[in-house]
Amino acid sequence: MTVRARRRRGERLLGLAWLTATALFLALLILPVAGLLLRVPPADLLRRMADPLVLQALWLSLTTSLAATAAVAVLGLPLAYALATRQFAGKRALEALVDLPMVLPPTVAGVGLLLAFGRQGLVGPALAVAGISIPFTSVAVVLAQMFVAGPFFVNAARAGFEAVDPALVRAAATLRATPGYAFRRVQLPLSRPALLAGAAMTWARALGEFGATITFAGNLPGRTQTMPLAVYIALQTDLEAAVALSVILLVVSFGLLVALRAVPRGARP
Amino acid sequence: MLIAELRRRLGSLALDVRLEAPPGETLVLVGENGAGKSTILNLLAGLLDPDEGRIELDGAVYYDAAAGVCVPAYERAIGYVFQDYALFPHLSVAENVAFGLRAAGTARAAARDRAGAALARVGLTALAGRTPGELSGGQRQRVALARALVLEPRLLLLDEPLSALDPQTRREVRAELRHALRGLACATVLVTHDPFEALVFGREIAVVEQGRLAQVGSRDDLLRQPRSRYVAELLGLNLFTGRVAARAPDGLAEIATADGGRLHVVLDERGADGQEVLVAVDPREITLHPAPPSGTAQNVFAGTVAQLVPEPPFGERVRAVLDTTPPLVAEVTAHAVQQLGLREGTPVHASFKAVAARAYAA
Amino acid sequence: MRTRYACLREACLVLTALAVIPAPAPRAAEPLHVFAAASLTEAFQRIAAAYEARHPEREVVLNLAGSQQLAAQIEHGAPADVFASADQRWMDDLVAKGLVAGTPRIFVRNQLVVVVPRGGRVARLDDLARPRVKVVLAADAVPVGRYSRQVLEKMGGDPAFGHAFGERVLANVVSEEESVKAVRAKVQLGEADAGIVYGSDVTAAARTSVRTIAIPALLNVVARYPLARLRAARDAAAADAFVDLVVSPEGQAILAEHGFLPGPPP
């Protein structure tokens, strides 16, 4: 075979391998989703959505995950900014700490949260004195979600800030802009796509959170039973109910993710 | 009026300079890359703090190490045009120009009007709504300048304003920029690594060499009395060091260079025997001859052509490096090269008048 | 080029070597899959060891989880030879679906007990209904959760506790855990003031952090644990041998040591 023919064949094989890999990966993603969707007749779905227990779980899931995302965005932004723009002693350790929740099994995270905020935990007793008890409350659900999903936002926001040309910040300083003004008018707008993407990922992770939630917040309909917990419990008695709940959660999350991606991106630099 | 004393260590650079820039005039900082020119601008702007020193602009003290004064960049009345212009990509041209006004607290409508006027002054009103990404290099430079000037700064800083442009655009913009800078009321400090640009823009030129000012002076000062080989090379002159070997009562003196050459120069009274002097000869003053010339020129050297370097941009002028004693660089026309049949290795005689050789105490 | 292919070759060699590194002597026979309720964990681990001691050629693989989960897995075709459930309901379910060989037998019983943290606020059964007491139960879908609610109902019928007792305790429930071990864990951690678990869950290890409060026999619910070989068992004899071991005096002694009540006499 001539060199050219051999190269062409090589290219074709490469293209085939690429297609096969992609097809396999997409199949892995699509098949379970299809399995869920095809199992439930739409009429059944609508009936279940009217079930107050389901609505309760859905409402709780949405409110806690959004609250967790908002809290993480507010509390994590300064940290992301510092990591992106400053050098300081112990920075590596801090980076590892931020990444820690991502490698911790969620149930372990739940136990940790209990040992920190529980009645006999590190700060639990102090909180109790102030009349605050966190485990078994919706606040615990939000905290659990913040813990496991927080790193996603911090890392995405940090990457966003790092991508902003430092020359622009210096230019702003020469244009009478205080650091706060420069942050608001230069860095924030330019990192907006990254921040939004980070928030979307965080919200998705928070919505699907199970292990830390059930361990730290417990499972009580209306107060701490989020959709993932409801699905898990339903699975034990009624497979059809579990599937229906899963589909509801699937449709709602998918819809919200698509809506988020449709938000207009910031200016390209 | 800018008066600045700056001392700062940065990596391997030890900066120690003293500058003055009067209003309405342009001081050019010229030197090689890494000499510390941009560092000086950043120190003046407040983007970097000196280790020691003082910065005073029109009576306002921006930095005084002894008194513990350090005014932040955003409170200094400066304008800065960055090398790559640093225009905000997410804002329109008009919003870019208005940025500083808004940051300083000007109301939106007033800022918009002033920005519009500034754009009109540089002829870019039509582009007000575009984003920087849609502009050409020259247009971006004008926007950057307008953005800095709309704030009516007392000190304008420009960092290599032409280096981001291609040679063709550079020529056009150079003329424009020179004209714009001439009309300014504020003090201007411009940084460049190109000696020719330095000569074009600057009334006062400061040669920066490894964190120090090798020499500060007007264009003519530098050309006539370069104080170091570096400055001379920078400006393309022949520069020799030698000692006074003999003096004639009529002022003519003989200078002996280290490599055994002899130069005849006109020396003023202050020169003494044995004193070390610098001698500068403009390459354009050197004439080349195929045979020993007749005439009044006191300095005649014989040697061969070591190198012929056509000068950019079009090679109409040629620098001829001669391996005479001392070695000389002559600048002649390409026509002359052709006429004399000059090639590398061609024997030639170089001559220049004693008056063309400027000698002064080292 | 040379380095790239050399690496690939070396990788292949390493992988092949790992594949042929002698594994522990493979058992001749297929492993025996025993699906058992989570509450049987410690006891069945010992029984499995005893079985393997008697039948060295066969390995016992235990799948321990909530009975409801195991039943669901079996229904969906998970490979199981023996099923030990904590609730007759899930066994009956499988029997109805024709997945069980023969008749299941009750091999052990378990009764409920209230656990409280040592030094906690709950000292007596009455305390469960006091305001602001945090009670943790298993979810209703979990057998022990259902039983817990039955016990509370019975207590409501007893004049000693009063008819609103059950409701008041249920109002104190702060979490419905997905397994009985999770209930125990919450009490051990001191997060809950009380929980209802099986007697078998109060292991020696647990006793370091919790105490028990007995529930009167009349008010208690005794869970009957059925055991059966499944139709899909690959080696019927081996599965039956395991079942026999469980109901044998040896098996029953092990179970008793772990807090279970003996199964009713056959």
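Here is a short report on the structure shown in this document. (Residues numbered from 1 in each chain as written. Chains lettered and ligands numbered in written order. Predicted model: local features only at pLDDT ≥ 70, side-chain atom pairs only at ≥ 80, totals over all residues.)

1. Some points on the sheet that holds strand β20 (residues 347-352) of chain B
Residue and element names in this part refer to chain B. Within the open sheet, the five strands sit side by side as β16-β20-β17-β18-β19. Their pairing is antiparallel. With partners counted over all chains shown, the strands left at the sheet margins are β16 (287-289) and β19 (328-333), one partner each. Strand after strand, the sheet turns through a mean of 45° between neighbouring axes, direction not considered. Pairing of β16 with β20, which is carried by three bridges, proceeds in the antiparallel orientation. Considered in β20, the bridge of threonine 287 is made with serine 351. (Pairing = 2+ DSSP bridges. Helix = DSSP H or I, 4+ residues; strand = E, 2+ residues; numbered from the N terminus. Axes fitted to C-alpha atoms, helices over the stretch in contact; angles between N-to-C directions.)

2. Some points on unusual backbone geometry
The peptide bond linking B:Thr325 to B:Pro326 adopts the cis configuration, its omega dihedral lying at 0°. Within the element layout of this structure, B:Pro326 appears in the loop between β18 (317-322) and β19. Phi at B:Gln210 takes a positive value of approximately 45°, unusual for a residue other than glycine. Considering the arrangement of structural elements, one finds B:Gln210 in the loop between β10 (204-209) and β11 (212-218). Judged by local crowding, B:Gln210 falls into the partly exposed class, with 15 C-beta atoms found within 10 Å. With a phi angle near 60°, C:Arg132 is a residue other than glycine that sits in the positive phi range. Looking at where C:Arg132 falls in the secondary structure, it is placed in the loop between β4 (100-117) and β5 (135-138). (Buried ≥ 20, exposed ≤ 12 C-beta atoms within 10 Å, placed from the backbone.)

3. Digging into the packing of helix α9 (residues 179-207) of chain A against helix α12 (residues 239-261) of chain A
Residues and elements named next belong to chain A. Remark: α9 packs on α12, axes separated minimally by 11 Å, with the N-to-C direction vectors making an angle of 175°. The orientation of α9 with respect to α12, classified from their angle, is roughly antiparallel. Packed against α9, whose contacting residues are Leu196, Ala200, Ala204 and Leu207, the element α12 presents Ser253, Leu257 and Leu260 at the interface. (Parallel < 35°, antiparallel > 145°, perpendicular 65-115°, else oblique. Contact = placed C-beta atoms within 7 Å.)

4. With respect to the interface of chain C and chain A
One widely used convention gives an interface's size as the accessible area the parts lose upon coming together. Taken together, the 16 residues of chain C in the interface contact 16 residues of chain A. Of the residues assigned to the side of chain C that touches chain A, the class counts are six nonpolar, five polar and five charged. (Nonpolar A, V, L, I, M, F, W, Y, C, P; charged D, E, K, R; others polar.)

5. Things to note about the packing of helix α1 (residues 3-39) of chain A against α12(A)
All names here are of chain A. Direction vectors running N to C along α1 and α12 enclose 115°, while the axes themselves pass 9 Å from each other. Crossing angle aside, the handedness with which α1 passes α12 is left-handed. Every residue of α12 that contacts α1 at Val33, Leu36, Leu37 and Arg39 is listed here: Val243, Ser246, Val247 and Leu250. Each residue belonging to the contact of α1 with α12 can be placed in one class, and the counts come to six nonpolar, one polar and one charged. (Left-handed = near helix turned anticlockwise from the far one by under 90°.)

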